[in-house]
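So you can see what is in the structure, the chains are spelled out below.
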Amino acid sequence: MTIRNRAQGMGLMLCAALLTGNALLAPTAAKAAGRGAANVTAERLVKAADEPGQWMTYGGTYSEQRFSPLKNLDTGNVGKLGLQWYGDYETNQNQHGSPLYVDGVIYVSTARNVVHAFDAKSGKQLWKYNPMIQGERLRYNVGLVNRGIAAWNGKIIMGTLDARLVAIDAKTGKQAWSTDTVPASLGLGEMANRYAITMAPRVAKGKVFIGGSGGEFGVRGWIAAFDADTGKEVWRFWTVPGDPAKGAEGAVLERAAKTWSGEWWKGGGGGTVWDAAVYDPVTDLLYFGTGNATPWNARVREPKSGDNLYTASIVAVRPDTGEYVWHYQEVPGDTWDYDAVSPMMTADLTLGGEKKHVLLQPSKNGFFYVLEAATGKLLSADPFTEVNWATGVDLKTGRPIEVSGARYEKEPWNLAPGVQGGHSWHPNAFSPQTGLVYIPAWEAYFTMAGPPANSPPAPGGGFSLGIAMGTKVEPGKLLPYDRQGVRGRLKAWDPVSRKVVWETEPFANGGPTSGVLATAGNLVFMGNGGGKVLSAYDAKTGGKLWSFDAKTAVFAAPITYELGGVQYIAASVGGAAQGGYFAPTHARMLVFALGGKAVLPEPAPYTPPPLNPPPSTASAEVIAHGGELYTQYCSVCHGVNGVQARTSFPNLTVTPLLYVQDGFDNVVLRGARADKGMGSFAKDLKAADTVAVREYLIARANAVKAAGPGAGPVVPPAPRRETGHAEN
Ligand code: CA
């Protein structure tokens, strides 16, 4: 071939590539700026159902039903679904982020706010963006996670663990703007450092809506709207009242203030908006869920144990102004960590012969709520999983009918659902074809107990719960029964007849679920956080039709898209699965298609580090003091009782830092590992405190060693971390 011929050949190849590129675009998408531009307009978002091949917003469309009309994949051929390509991330930590697919490109956020863009056909990484989060801020997180991103007008928008909202140029991966969501002008002082963002932003009408997490660390909840093109704040809705001495805050918060007593504002109050938000073009309202009040224990929180508005509630505001329209409080005076933030969706149902536009939420507290979307009127509330704190919900008052003793005023109460939730942040799906809501449901148990007598409420900055974490009750004496842990399963719930239509067996090895996707091919996809698999089920019967060994835990909700006539399934996987100390392999994007033949590499075998701690010589008092401090400040990440299990945080019973107090203090007091998420605790702990914490860990390490290899955890594993459901 001559040089001239070669050049002509290249020209032909280029031409072919351009043609292929054009063919990749759906007709409506072709009107947009093109491939890789994420040119998601207000019109495209409102009419997202007209572009079934795309996945342009967190829940698929504004209804957040996570239902795809694509049906190339169906019950007859899903058995031939295979891995088409995979793309590795930079981390092995828990992945909660549900991806987006826009015009040929997959965008996904990973555990620590790195965003990847992949060519959706080849899997080639187009760019990677790292917002460089401040390590010091990472200690104020129940888990280092991010649940998703928004696409808008050529940009990908994400909230960060250091409470920024950032916009990335979708073509180049370069930062377009970055906004501190808790600026000094709010006058929050030190509290501002305790906010994080883990939820996916939602965009509508040129505004991006985001809330701040951090309820367990003592912050005041809010959701705010920012201009989606510039990042400038438009409005902010505080979910709980502030310090009355700082002046009036308007009628909506004055009403809330009447439901609080004492000095609640010093601990922030909670009510954080950390997951569910739905913009509804039908009513032109923005609905969002609010978290528990802070701290968990209502008696520790405030003397009169009022309703504590607007915590544990669903609230509707006008998206243009943030003006309050209605609220429904699921759990007045919550004392069980029953955040009302589980994913919500809108749907049109025929109830009692009448067509209703409704808002649906299977909540953490175990009840499935149906509300009239325009008014917030409660239409039904029924348990979809095991519930032992309330016998039902009074439809007239909207209040739960509580079970005597469930508030653990005198005796510990083995709560169902436990604080892990009957259902947590893991997205649900609704199929208009079957009329069923697919809930990644859990049976969960957690022992609630009041704090030891005379213990002061935890100051802001610690992990502020107001309960005795890790309370052990003699076997056979747990009230009301002896069950522990989490068992995930898929449940199909009929929101009209208000019952479970089918459910799978609980996962054989226990453990949580992932989020869910439903498709018009009569399929439901769900992963297993414990068993490391992604599966497809028959949407009508629950029969399992396909499974794939992801070699790591699956937590995030999968999505589906269409490209060049092929339907793909995309799942962001990774996390600490049951029985492993760390995620066994890379977290990564997996993309499946019929006949896909890609093969994942085998994970490197994990060898636990040798366990040979220094001798335990400290007094019982010092060890006990260290244990109290550990529980308050360390257990949220590193596990209850010093035993870390099934998490991607270091196991402190095997750290070499146990040998050298100065090295230990370098990390705990001087922030030597701040870049890895272990910020300094110098504001909370003195030198004598860290000696006690280290001695406590040495004692725990020796107990583990004495139990011998293969003994497993010598105390129950951390109840929150094992579920991979980290929240805020
Ligand atoms: Ca919570």
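Residues numbered from 1 in each chain as written. Predicted model: local features only at pLDDT ≥ 70, side-chain atom pairs only at ≥ 80, totals over all residues. Heavy atoms only, no water.

**Student:** So what's going on with the overall build of the chain? Residues and values would help.
**Tutor:** When its secondary structure is counted, the chain shows nine helices and 36 strands. The 728 residues of the chain split such that 63% are buried. Once local pairs closer than 6 in sequence are excluded, the contacts in the chain between residues at least 24 apart make up 64%. Accessible surface, the chain as shown: approximately 26,100 Å² in total, 55% of it carbon and sulfur. (Helix = DSSP H or I, 4+ residues; strand = E, 2+ residues; numbered from the N terminus. Buried < 20%, exposed > 50% of the residue type's maximum accessible area, 1.4 Å probe, protein only. Contact = heavy atoms within 4.5 Å. Areas by Shrake-Rupley, 256 points an atom, 1.4 Å probe, with all protein chains shown as cover.)

**Student:** Summarise helix α8 (residues 661-668); cite the residues concerned and give the values.
**Tutor:** For α8, the tally of buried residues reaches six of eight residues, placing the bulk of the element in the interior. Along α8, the positions that sit buried rather than exposed are Gln661, Gly663, Phe664, Asp665, Val667 and Val668. Buried residues along α8 sit in contact with α9 (687-707).

**Student:** Describe the pairing of strand β13 (residues 222-227), listing the residues and the values that go with them.
**Tutor:** Across the six residues that make up β13, a large majority, five, are buried. Two strands pair when backbone bridges link them, and strand β12 (residues 207-211) and β13 are joined in this way by five bridges, in the antiparallel orientation. Bridge pairing in β13 links Lys207 to Asp227. In this structure, β13 lies alongside strand β14 (residues 233-238), joined through five bridges in antiparallel fashion. The residue bridging Trp222 from the neighbouring strand is Trp238, located in β14. What sits between β13 and β14 in their antiparallel hairpin is a turn of five residues, with Gly231 showing a positive phi close to 85°. (Pairing = 2+ DSSP bridges.)

**Student:** Account for the sheet that holds strand β22 (residues 378-383), naming residues and giving values.
**Tutor:** Taken together, four strands build an open sheet; the order of strands is β19-β20-β21-β22 and the sheet is antiparallel. Strands at the two margins of the open sheet, each flanked by one partner only, are β19 (345-351) and β22. Put simply, the sheet's adjacent strands are angled 30° from each other on average, direction ignored. (Axes fitted to C-alpha atoms, helices over the stretch in contact; angles between N-to-C directions.)

**Student:** Could you give an account of the sheet that holds strand β1 (residues 67-68), naming the residues involved and the relevant values?
**Tutor:** Read from one edge to the other, the open sheet built from five strands follows the order β1-β30-β31-β32-β33, with strand pairing classed as mixed. The outermost strands of the open sheet, each flanked by one partner alone, are β1 and β33 (544-549).

**Student:** Give a detailed account of the packing of helix α6 (residues 620-633) against α9, specifying residues and quantitative values.
**Tutor:** Axis separation between α6 and α9 bottoms out at 7 Å; the angle between their running directions is 100°. It follows from the interaxial angle that α6 and α9 lie roughly perpendicular. For the pair α6 and α9, the contacting residues are Val622, Ile623, His625, Gly626, Gly627, Leu629 and Tyr630 in the first and Asp689, Ala692, Val693, Glu695, Tyr696, Leu697 and Ala699 in the second. Broken down by class, the residue content of the contact of α6 with α9 amounts to nine nonpolar, three polar and two charged. (Parallel < 35°, antiparallel > 145°, perpendicular 65-115°, else oblique. Nonpolar A, V, L, I, M, F, W, Y, C, P; charged D, E, K, R; others polar.)

**Student:** So what's going on with the packing of α8 against α9? Which residues, and what values?
**Tutor:** Between α8 and α9, the shortest axis-to-axis distance is 10 Å and the interhelical angle comes to 110°. With respect to α9, the element α8 is oriented roughly perpendicular. Between α8 and α9 lies a crossing of right-handed hand. Contacts from Gln661, Phe664, Asp665 and Val668 of α8 reach α9 at Thr690, Val691, Val693, Arg694 and Leu697. In terms of residue class, the contact of α8 with α9 is made up of five nonpolar, two polar and two charged. (Left-handed = near helix turned anticlockwise from the far one by under 90°.)

**Student:** I'd like a rundown of the side chain of Thr179, residues and numbers included.
**Tutor:** Inspection of the secondary structure puts Thr179 in strand β10 (residues 175-180). Here Thr179 is in contact with Ala163, Arg164, Leu165, Phe226 and Gly231, once residues within four sequence places are set aside.

**Student:** Got a sec to walk through the confidence of the model for the chain? Specific residues and values, please.
**Tutor:** Residue-level pLDDT values for the chain average 87, and 85% of them are 70 or greater. A low-confidence stretch, residues 1-32 (pLDDT under 50), is modelled with 16 contacts involving residues beyond four sequence positions or located in other chains. Below a pLDDT of 50 lies the segment residues 578-583, which in the model reaches 27 contacts outside its immediate sequence neighbourhood of four places, other chains included. (pLDDT = per-residue confidence, 0-100.)

**Student:** Can you tell me about the packing of aromatic side chains, naming the residues and giving the values?
**Tutor:** Across all of its chains, the model carries 27 aromatic pairs by this definition. Judged by centre distance (5.9 Å) and plane angle (35°), the rings of Tyr287 and Trp326 are tilted. With a gap of 39 residues between them, Tyr287 in strand β16 (residues 285-289) and Trp326 in strand β18 (residues 324-329) connect regions that are remote in the sequence. An identical accessibility class is assigned to Tyr287 and Trp326; each is buried. (Phe/Tyr/Trp six-rings, centres within 6.5 Å; stacked < 30°, edge-to-face > 60°.)

**Student:** Quick one: what's the story with the nonpolar core, residue by residue and with numbers?
**Tutor:** Grouped together as the largest cluster of nonpolar side chains are 98 residues, with contacts concentrated most on Ile106, Tyr107, Ile157 and Tyr561. Residue contacts for Tyr107: discarding those within four places in its chain leaves Gly36, Ala37, Ala38, Pro99, Leu100, Val102, His116, Ala117, Trp127, Ile149, Ile156 and Ala170. (Core = buried A, V, L, I, M, F, W, Y, C linked by side-chain atoms within 4.5 Å.)

**Student:** So what's going on with the environment of Val691? Which residues, and what values?
**Tutor:** Within the fold, Val691 resides in helix α9. C-alpha separation for the pair Val691 and Ile623, spaced 68 residues apart in sequence, amounts to 9.3 Å.

**Student:** Summarise the pattern of salt bridges; cite the residues concerned and give the values.
**Tutor:** All told, the structure shown has 30 salt bridges when counted by the stated rule. A salt bridge links Arg164 to Asp162; the shortest N-O distance between them is 3.2 Å. For the pair formed by Arg164 and Asp162, the shared burial category is buried. Taking the shortest distance from any N to any O, the salt bridge between Arg318 and Glu323 comes out at 3.7 Å. One continuous salt-bridge network, built from bridges that share partners, spans Glu443, Arg487, Arg489, Lys491 and Glu503. (Salt bridge = Lys/Arg side-chain N within 4 Å of Asp/Glu carboxyl O.)

**Student:** Quick rundown of α6? Include the residues and the values.
**Tutor:** Compared with an ideal rise of 1.5 Å per residue, which puts 14 residues at 20 Å, α6 spans 20 Å between its outermost C-alpha atoms and is within 8% of the ideal. Looking at α6, one finds that the buried residues are Ile623, Gly626, Gly627, Leu629, Tyr630 and Tyr633. (Expected span 1.5 Å × (residues − 1).)

**Student:** Which residues make up the pairing of β22, and what are the values?
**Tutor:** Both strand β21 (residues 367-372) and β22 contribute to a ladder of five bridges, which runs antiparallel. Bridge assignment links Tyr369 to a residue of β22, and that residue is Ala381. Linking β21 to β22, which pair antiparallel, is a turn of five residues; within it Gly376 sits at a positive phi near 80°.

**Student:** I'd like a rundown of unusual backbone geometry, residues and numbers included.
**Tutor:** Going from Thr294 to Pro295, the amide bond is cis rather than trans, its omega being -10°. Inspection of the secondary structure assignment puts Pro295 in the loop between β16 and α5 (298-301). Located in the positive-phi region is Arg66, a residue other than glycine, with phi close to 50°. Turning to its location among the elements, Arg66 is positioned in the loop between α3 (42-46) and β1.

**Student:** Provide a residue-level description of the environment of Ala381, including the pertinent values.
**Tutor:** Examined against the element boundaries, Ala381 turns out to sit in strand β22. Sequence separation of Ala381 and Arg498 is 117 residues, and the distance between their C-alpha atoms is 8.4 Å. Setting aside anything within four residues of it in sequence, one finds Ala381 in contact with Phe367, Phe368, Tyr369, Val393 and Leu395.

**Student:** Please set out the environment of Ser431 residue by residue, giving values where relevant.
**Tutor:** By the element assignment, Ser431 lies in strand β26 (residues 429-431). On the accessibility criterion, Ser431 (1% relative accessible area) is buried. Ser431 sits 364 residues away from Phe67 along the chain, and the two C-alpha atoms are 5.9 Å apart. Setting aside residues up to four positions removed in sequence, Ser431 forms contacts with Phe67, Leu436, Tyr438 and Ala518.

**Student:** So what about the side chain of Thr239? Which residues, and what values?
**Tutor:** Assignment of secondary structure puts Thr239 in the loop between β14 and α4 (251-257). Taking the relative accessible area as the measure of exposure, Thr239 reaches 0% and is therefore buried. Those residues within four positions of Thr239 in sequence are excluded, and the remaining contacts are Gly221, Trp222, Gly270, Gly271, Val273, Phe288, Thr290, Leu309 and Tyr310.

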